[in-house]
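Listed below are the residues making up each chain.
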Amino acid sequence: MTKHIFVTGGVVSSLGKGLTSASIGMLLEQRGLRVRMQKLDPYINVDPGTMSPYQHGEVYVLDDGSETDLDLGHYERFTHSPLTRDSNYTTGQIYQSVINKERRGEFLGKTVQVIPHITNEIKGCIRKLADDDVDVVITEIGGTVGDIESQPFLEAIRQFSLDVGKRNCLYIHLTLVPYLKAAGELKTKPTQHSVGQLREIGIQPDILICRSERSLSREDREKIALFCNVPIRAVIEEKDKDFSIYEVPLSLVENGLDELIVEALGLPAGKLELDNWRELLHDLRNPEHEISIAVVGKYAEHRDAYKSIYEALDHAGIAHRAQIRIQRIQSESIEQEGPERLLAGYDGLLVPGGFGERGIEGKVDAIRFAREREIPFLGICLGMQCAAIEFARNVIGLAGAHSTEFNKDTPYPVICLLDEQKAITDKGGTMRLGAQTAHLAAGSKVAACYGTDLISERHRHRYEFNNLNRQQFAANGLIVVGTSPDGSLVEIIELEEHPWFVAVQFHPEFKSKPTAAHPLFAGFIGAAVERHLSRGGAAQRV
Ligand code: GLN
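Below or above, wherever it landed, is the structure these notes cover. For clarity, every value in this text was computed on a predicted model and none was experimentally measured. (Residues numbered from 1 in each chain as written. Predicted model: local features only at pLDDT ≥ 70, side-chain atom pairs only at ≥ 80, totals over all residues. Heavy atoms only, no water.)

A closer look at the nonpolar core
Judged by nonpolar contacts, the single largest core of 57 residues is most densely connected at Ile5, Ile24, Leu28, Ile138, Ile207, Ile209 and Ile261. Ranked by residues supplied to this core, first place goes to helix α1 (residues 17–29) with 6 residues. Each residue touching isoleucine 138, except ones within four places of it in the same chain, is listed here: Ile5, Val7, Ser21, Ile24, Gly25, Leu28, Val35, Arg36, Met37 and Gln38. Ranked by size, the runner-up nonpolar core spans 40 residues in total, among them Ile329, Met384, Ala388 and Phe501. (Core = buried A, V, L, I, M, F, W, Y, C linked by side-chain atoms within 4.5 Å. Buried < 20%, exposed > 50% of the residue type's maximum accessible area, 1.4 Å probe, protein only. Helix = DSSP H or I, 4+ residues; strand = E, 2+ residues; numbered from the N terminus. Contact = heavy atoms within 4.5 Å.)

Remarks on unusual backbone geometry
In this chain, isoleucine 115 is followed by proline 116 through a cis amide linkage whose omega measures 15°. With respect to the element layout, proline 116 can be found in helix α5 (residues 114–127). If you check the backbone angles, valine 11 has positive phi at about 75° while not being a glycine. When its relative accessible area of 33% is taken as the criterion, valine 11 is described as partly exposed.

Describing the state of the cysteines
Tallying each qualifying case throughout the model produces 0 disulfides. Cysteine cysteine 416 is unpaired, with the sulfur of cysteine 381 as its nearest cysteine sulfur at 14 Å. (Disulfide = S-S within 2.5 Å.)

Notes on the packing of aromatic side chains
A full pass over the atoms with the stated rule returns 13 aromatic pairs. Ring geometry for phenylalanine 78 and tyrosine 246: centres 5.4 Å apart, planes at 35°, overall tilted. Placement of the pair is phenylalanine 78 in helix α3 (residues 71–78) and tyrosine 246 in the loop between β11 (235–239) and α9 (248–254), with a sequence separation of 168 residues. Neither phenylalanine 78 nor tyrosine 246 differs from the other in exposure class; each is buried. Between phenylalanine 377 and phenylalanine 501 the ring centres are 4.6 Å apart and the planes differ by 40°, which places this aromatic pair in the tilted class. Here phenylalanine 377 is found in strand β15 (residues 377–380), whereas its partner phenylalanine 501 is found in strand β23 (residues 501–504), with 124 residues between them in sequence. Judged by its relative accessible area of 2%, phenylalanine 501 falls in the buried class. Within the aromatic cluster, the residues linked to one another by ring pairs are Tyr54, Tyr299, Tyr306 and Tyr310. A cation sits over an aromatic face here: arginine 214 above tyrosine 179, 3.7 Å from the ring centre. (Phe/Tyr/Trp six-rings, centres within 6.5 Å; stacked < 30°, edge-to-face > 60°. Lys NZ or Arg CZ within 6 Å of the ring centre and 35° of its normal.)

Re helix α4 (residues 91–103)
Given a rise of 1.5 Å per residue, 13 residues ought to cover 18 Å, and the 18 Å separating the end C-alpha atoms of α4 matches this to within 8%. Along α4, the positions that sit buried rather than exposed are Thr91, Gly92, Ile94 and Val98. Buried residues in α4, looked at end-on, bunch into an arc of 160°, giving them a common side. (Expected span 1.5 Å × (residues − 1). Arc of directions from axis to C-beta.)

Considerations on the sheet that holds β23
The strand order across the open sheet built from 9 strands is β13-β12-β14-β15-β23-β22-β21-β18-β19, with neighbouring strands paired in mixed fashion. Two strands in the sheet have a free side with no partner beyond their single neighbour: β13 (322–330) and β19 (454–461). Here the average twist between neighbouring strands, direction ignored, is 25°. Judged from the 5 bridges that link them, strand β21 (residues 478–483) and strand β22 (residues 490–495) form a sheet pairing that is antiparallel. Its bridge partner lying in β22, valine 480 is registered against isoleucine 493. Against the sheet, helix α16 (residues 382–396) contacts β14 (348–351), β15, β21, β22 and β23, and its axis sits at roughly 115° relative to β15. (Pairing = 2+ DSSP bridges. Axes fitted to C-alpha atoms, helices over the stretch in contact; angles between N-to-C directions.)

A word on the site of the ligand
Around the ligand lies a shell formed by Gly353, Gly354, Phe355, Cys381, Leu382, Gln385, Glu405, Arg460, His461, Arg462, Tyr463 and His507. Within the backbone of glycine 354, a nitrogen or oxygen atom sits 2.8 Å from an oxygen atom of the ligand. Its free accessible area being 290 Å², the ligand has 99% of it covered by the protein chains. Spatially, the ligand is embedded in the second largest pocket. Taken together, the residues of the shell around the ligand sort by class into 4 nonpolar, 5 polar and 3 charged. (Near = heavy atom within 4 Å. Polar contact = N/O pair within 3.5 Å; in protein donor to acceptor, adjacent residues only side chain to side chain. Areas by Shrake-Rupley, 256 points an atom, 1.4 Å probe, with all protein chains shown as cover. 1 Å grid on protein atoms, 1.4 Å probe; cavity = no way out; pocket = protein on both sides within 12 Å on 5 of 7 lines; lining within 4 Å. Sits in = over half its atoms within 2 Å of the grid points. Nonpolar A, V, L, I, M, F, W, Y, C, P; charged D, E, K, R; others polar.)

Remarks on the sheet that holds strand β17 (residues 413–417)
Read across the open sheet, the 3 strands follow the order β16-β17-β20; overall the sheet is mixed. Of all the strands in the sheet, just β16 (402–403) and β20 (463–465) have a single pairing partner and so form its edges.

Thoughts on empty space enclosed by the protein
Applying the stated criterion across every chain yields a total of 1 cavity of 30 Å³ or more. The wall of the largest cavity is formed by Ala294, Leu343, Tyr346, Gly348, Leu349, Ala366, Phe369, Ala370 and Ile375. Among the secondary structure elements, those contributing two or more residues to the lining of the largest cavity are β14 and α15 (360–372). Looking at side-chain class alone, the lining of the largest cavity contains 8 nonpolar, 1 polar and no charged residues. (Points joined across faces, edges and corners; volume = space filled by probe spheres on them.)

Below you can see the structure in the form of structure tokens.
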């Protein structure tokens, strides 16, 4: 029978519940168990696809085209759990489904209520992941205990243990134990209150994971154990990790978390196998080079807006034994101060995806700088579209060339709306989404990176490279090296006369793992390391 772990959070948001859940999944997998991961988000949006990156950070896209919460990125980077649209549900989806059932008359005249109809729907979503070939389902509940929106989810997971039996469910609560400088001590009261709130609604957590900037003393743990009604062994410290998020699983193991879970649920676990992970941390701690990459985007000041891109850069760094110094640069500041001032000295430039006109000209200027100065460049989605605009304007001489997303009346629409998008007016879930196959041109840089000529990558866009311009671009040295299988959609462009200038219509960052860097990111960072060394970088070994 499949066992269930529920992860809740208390005291404050942004505690790293996603990372902790992913780490738990990874540790159980490394003990030979088959794990599935899931996140339930209490907000009312149907999915994060229509939310601003300021509100929500990046939208993480799955193979099946669902637009999901960025915590699912952690799940994929840490575990092998297959993720589908059943891996992320929101209040919006739950209500939509219940209301559709009501309209179809499925409730046979009953009054439709939060309990039991909404909670049944939530439990149904959790049960979908349980199946014969799954040992453990880990369900993370978004938000913070005490939020009004979270209540139906907490009620549903409370009921869940009645349905499947107490021995088959485990409740893990993540809290903050703040350090008060003035008092010179850690404070356990917020944790006591948060657990108190959970107990009020009938959930007694089995394990507490305490985030803290300092180590918890035996006394602190005893106090938390006593007031929160858990054994002292079940008070697990998770100290802040300044160095890398990939340290989190190891620190949880040191504090005995995997053993505790396996025992509590009676899981058929094997010995913990962590050699790979330790090797990865060793490489991360002992880089041979230090290189700097500029990421020029619209939300540069926001750490979560390009989360998977930053992670993928780090993975490629691990593969090349290079420490990556990422400089996040606001594209609008390039418009104001010029690329020379802001971009000189970097070993590589990355322009990520995005929507809307703000900062576009800064991205175009940055790409021109990378093209002319032979700085390795990776353009992703909107980054590729900007590369096409830049090349059209500054190399081919098509003044005013643009994407019709930003200028409907441009004389040279080098980027235009996909045919399939022309009649669509709804915003949510209507882009070209998810995994699509592409063919790579033999002899291209990208084919060398991938080591194959057939790839599958995830997409999220409405606009495409205008096929009318293909010949003209190629004649001037920017060639199409990847297309959809029927050749109709441009997926990758590459500059012939440049050390490494590659731009892609898809999002490679979603398929990179710390233990397996994505081929394109690895190729890009490889070129950046080469540039660094050729400019005397070896002397600056770290
Ligand atoms: N706004 C562009 C489009 O819709 C690019 C999207 C993206 O970068 N994800 O095609």
